[in-house]
Amino acid sequence: MPHKIGFTVVSSSGHEDGFSARELMVHAPTVNGWRSPRLCQYPQEIILQLVERCRIRKLQLLAHQYMISSKIEFYISESLPEYFSPYQSERFQRLGYVPLSDNEKTDFKARELKSVYVDAVGQYLKLIFHKNYVNKYNIYGQVALVAVNIIGDPADYSNDSMSSPSREKLIDHYLGIKSDDPALDGTYLGKSDSISPLDDLAFDMYQDPEVAQIIRRLDERKREAVRHERYDHAKKLKQAIADLQKVGERLGRYEVEKRYAVEKEDYDLAKKKKEQMDEYRLKVYQQLELHDLLNAQLLIRKPLEWPLGPVADPVSPQHSPPEHTDPPEGQPQGAEPELPEQSVDPTSAEPVVPQQSPPPPLTQPTASKENAEFLPYDERPLPAICKQVDEAVAYLEPEVTEEDIGDTPRTGITGEPEPLTEKALREAGPAVDVFGEALVSGAYSRTWSYREDALLAVYKKLMEVSVNTPKEDLRNMLRAAVFLVRRAIKDTVSSVFQASLKLLKMIITQYIPKHKLGKLETSHCVEKTLPNLLSRTGDSSSRLRLLASAFIQEMALCTEVKPLQIVPVHLVKPLKPNSPTHLAMSHVELVECLLRALGTGNSGFTINNVMKFATGALEHRAHEVRDVVLRIIFDMYRQHRAAVLEYLPPDDAGARRTVRYKTLFEGFAKIDGKLSEPEVRAQRKAATEEAEKQKNEEIEVLQGQLAALKEIQAEVQGEEEKESDFQKPNKQDYWVYESPQAAAAEIPEDLSSVANYLDNLCIFCGERDESFIEEGLDLHYWKHCPMLTRCEHCKQMVEISSLTDHLLTDCDKRDSFGKCQRCSEALPKDELPKHVKSRICNPAKPENVANHCPLCHENFPPGEEAWKSHLMDQDGCKMNQRRISPMNKTILLQPGKPK
């Protein structure tokens, strides 16, 4: 009878943080599933390894509600190709593909459950995901898979049943009974190839995990009752299963709502949901006990006896609720489409007719402790109820003792480690040949103390090897030891991990030099163990992270490894922007420390590979990582200056406007002893404010003088009125001047005339007009004064003589201007190279030799009066649109005395 097949994830092309492909090994309402990296390239792929060689009958996929692949291809293989094999694709046989709905009809609120019937034999299944459907929610172009389910039966058993018909089948054939006879439906005799609804993916994805286990146990008891023809009891169990399915769905919905409340930090609602779950669960269990349907066996079982293996352990502390948390809308929407006709294997394109074969034993594939033991700590499947199970302590031993078990005495450990499985024997064959099965079984043991003792035993053996041993035997011992070290480096128990580091250090620094095995064997040790060591630098335990980082640094600097330059070259490989923060942080810190210790001269580090690594790592999402990368670039700049700048954006590039590049170039300025751009801007602002302050003070002094002149004028007028009573002249004469220049040349000595002279006068061009009161003077400045102009960028009125300084220091657009070193004018930065080559760029002379006009680009004599002549005279600046001929307005200065 086909059943659910357990599997582990062998590899994936990538994943977003928190959505590893290992999530697919767990089926529960709250799983995250797998999600491809953001803005990834297609196709993406995942390779699954089944617990044994199987004949796959049915594949089920639960798609994401909006991160949907346009189609998914299936490949199967008997064995996993070598990583570097150039023909690895030939090892996989293509089964076909299935298209997925774009989900627009459901407004991206439902998840599609796709079921595909196949008939294929193998142990490795590869899923290839093609480009995603575009929609408004999938802004990063990702694809996702919430869950995958594999249903089949052991291939060896199926083959035997096909070649030799069973006794029951022969009897049925003789009596003319068909195995799919409706009269036998639901009994033990018929439907040997039917698939149990409890193995369907929808069952696990919408059921509370604990209740799902009880339902499976009750289903076993129901079938047992049918076999013994206890039909009343079977009927009662059938009704209990139907009721429990509703209960499980309700509890699953409560769990999703509780997780959603925790995510929103609504802890009152989360507490309420938890209490509802506990109360409802207790009530249901009491009812089952009342009907004598629930006993301790259904609640307390060893984790290894669970029928679903790794996919049945649905509860993990790290799981977060799926993005779509509305259970009614998340129900499966699709039926069971078959593989399309494009499939390579014609038989896989059609539904497979169930073959008659006796039912397999009731024992299902179970979880492999070896696989579970070496999963990352926060991704390891845990039992739904384990606090009541004594045996679970041994199963969870590595997690409990991860930090401090190495310092505790080993007590109660007796006997020998468990024997190696067939898979382990195949995997560790060379090590068994060298060290013996007893020692290697200790390295593979579930008990951490056996694993540590095995490594220490290998350490002792290698230390005692004679120098007269043949080289071939020495190399075999070395490679077998490295194989065990690689495996132990991934161990979550601190003492086992430290024992592996101790053994590896001895191999590199003592064993290889002692027996003169050469650089080739040293390279083999480092290349085989370095990737695993680097992965441990991203461990959730800070203690293990520091141990791994310190060992890598020590190994890179030791005399045997340093000349090989393996570690530096491996470290400067590109760092993914979305890589985990702990891993990326340890990575860049290792580069920083080793770069300071080794430099860039014949060390494996070069300016090219370090700067390419650094510029890529600058895009990492974690600011702590970017800070370390900035320190690396600063260190490189201190040593190589201009060579480093070649790998960074040019001076006028838009990339320099980002905060990280501004910080980078400000750091370069400090290293060069220059002021950074903000400091220069602050100095300019301070100087401008100081000049403005002085100008305001001068204005106040002039206003005070003007007020004093007006008082004197009033006194003089009073005296003149008194004198006028005695002297009445027959006629008054007036001095009339034709131009402001002439008026300015002959300023009256009378104080009253001086006061009149300051009124109604433009202080820039010298023009006088009766309308030059407050509003009239503003209008003159804005439209007519030939000494002023309006800045086209900020719309302020500025003196033409100071236009260049305004554009470089005061204008709102000052950042986009640069100063031409040849003509001293302010121009847009992107026009500077072209401007220097043009005829317009007229070289400016020093300020004490000549003024330089920013309008006509001509040089003329220095001084303020020269500016007036140049901008106002008829033969002056041809580019000044306000230039006028000398003014001929008649201006009344003062009453004159008759000649």
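This text goes with the structure placed above it.
Residues numbered from 1 in each chain as written. Predicted model: local features only at pLDDT ≥ 70, side-chain atom pairs only at ≥ 80, totals over all residues. Heavy atoms only, no water.

1. Looking at the overall build of the chain
Check the secondary structure of the chain and you find 31 helices and 16 strands. Here the chain holds 899 residues, and 46% of them are scored as buried. A fraction of 69% describes how many contacts in the chain between residues 6 or more apart in sequence connect residues 24 or more apart. Put simply, the chain shows about 48,900 Å² of open surface, and 51% of that area lies on carbon and sulfur atoms. (Helix = DSSP H or I, 4+ residues; strand = E, 2+ residues; numbered from the N terminus. Buried < 20%, exposed > 50% of the residue type's maximum accessible area, 1.4 Å probe, protein only. Contact = heavy atoms within 4.5 Å. Areas by Shrake-Rupley, 256 points an atom, 1.4 Å probe, with all protein chains shown as cover.)

2. Concerning the state of the cysteines
A complete count under the given rule lists zero disulfides for this structure. Here Cys823 is not disulfide-linked; the sulfur of Cys820 is the nearest cysteine sulfur, at 3.6 Å. The exposure class of Cys823 is buried, given its relative accessible area of 0%. Looking at the unpaired Cys877, the closest cysteine sulfur is the one in Cys856, lying at 3.7 Å. Residue Cys877 is classed as buried on the basis of its relative accessible area of 0%. (Disulfide = S-S within 2.5 Å.)

3. Notes on the pattern of salt bridges
For the structure on display, the rule yields 28 salt bridges. The residue Asp208 makes a salt bridge to Arg281 at a minimum N-O spacing of 2.8 Å. Of the two residues, Asp208 is situated in the loop between helix H3 (201–205) and helix H4 (209–227) and Arg281 in helix H6 (residues 267–290); the sequence distance between them amounts to 73 residues. Of the charged contacts, one joins Arg631 and Glu592 as a salt bridge, the two residues approaching to 2.8 Å between their closest N and O atoms. With Arg631 in helix H22 (residues 623–640) and Glu592 in helix H20 (residues 581–598), this pair connects stretches of sequence that are 39 residues apart. Since its relative accessible area comes to 37%, Arg631 is described here as partly exposed. (Salt bridge = Lys/Arg side-chain N within 4 Å of Asp/Glu carboxyl O.)

4. With respect to the nonpolar core
Formed by 87 residues in total, the largest nonpolar core has its most connected members in Phe435, Leu462, Tyr511, Met555, Val567, Ile633 and Phe668. Here this core takes 11 residues from helix H16 (residues 494–515), the largest share from any one element. Dropping the residues within four chain positions of it, Met555 is found in contact with Ile508, Val526, Leu530, Leu533, Val561 and Val567. Formed by 32 residues, the second largest nonpolar core is a distinct cluster that contains Val9, Cys54, Leu61 and Ala63. (Core = buried A, V, L, I, M, F, W, Y, C linked by side-chain atoms within 4.5 Å.)

5. What to know about H20
Here H20 is 18 residues long and its end C-alpha atoms lie 25 Å apart, about the 26 Å a rise of 1.5 Å per residue gives. Turning to H20, its buried residues number three or more, namely Ala584, Ser586, His587, Val588, Leu590, Val591, Glu592, Leu594, Leu595 and Leu598. On its buried face, H20 is in contact with helix H17 (519–536), helix H18 (542–557), helix H19 (566–571), helix H21 (607–617) and H22. Gly599 sits one or two positions beyond H20 and adopts a positive phi of about 75°. (Expected span 1.5 Å × (residues − 1).)

6. Quick notes on a nonpolar patch on the surface
A cluster of nonpolar side chains, Leu39, Ile139 and Tyr140, forms an exposed patch at the surface whose accessible area comes to about 330 Å². With respect to the element layout, Tyr140 can be found in the loop between strand E7 (113–129) and strand E8 (144–154). (Patch = residues over 30% accessible without salt bridge, like charges linked within 9 Å, V, L, I, M, F, W, Y side chains within 5 Å.)

7. Regarding unusual backbone geometry
What you tend to see is this: most non-glycine residues have negative phi, and most peptide bonds are trans. The omega torsion across Tyr42 and Pro43 is 5°, close enough to zero to call that bond cis. Positive phi, normally seen in glycine, also occurs at Lys516, with a value near 50°. In this fold, Lys516 is placed in the loop between H16 and H17. Here Gln565, not a glycine, exhibits a phi torsion of approximately 60°, which is positive. The partly exposed category is assigned to Gln565, whose relative accessible area is 21%.

8. As for the side chain of Gln65
Tracing the chain through its elements places Gln65 in the loop between strand E4 (44–63) and strand E5 (71–77). Accessibility expressed as a relative area gives 3% for Gln65, which makes it buried.

9. Side note on the pairing of strand E6 (residues 93–99)
It is a general feature of regular strands that their side chains alternate between the two faces of the sheet. Most of E6 is tucked away, with five of its seven residues classed as buried. Pairing analysis gives six bridges linking E5 to E6, with the strands arranged antiparallel. Within E6, the position partnered with Tyr75 by the bridge is Arg94. (Pairing = 2+ DSSP bridges.)

10. Remarks on the pairing of E7
Burial analysis of E7 places 14 of its 17 residues in the buried class, which makes it a mostly covered element. Inspection of the sheet shows E4 paired to E7 by 14 bridges, in the antiparallel sense. For Gln49, the partnering residue across the bridge sits in E7 and is Tyr124. Sheet topology places E5 next to E7; six bridges connect them, and they run antiparallel. Bridge assignment links Ser77 to a residue of E7, and that residue is Tyr124.

11. Notes on the environment of Met585
Within the secondary structure, Met585 sits in helix H20. Residue Met585 is classed as partly exposed on the basis of its relative accessible area, which comes to 21%. A C-alpha to C-alpha distance of 8.0 Å links Met585 and Val628, two positions 43 residues apart in sequence. Contacts of Met585, omitting those with residues within four sequence positions, involve Glu624, Val625 and Val628.

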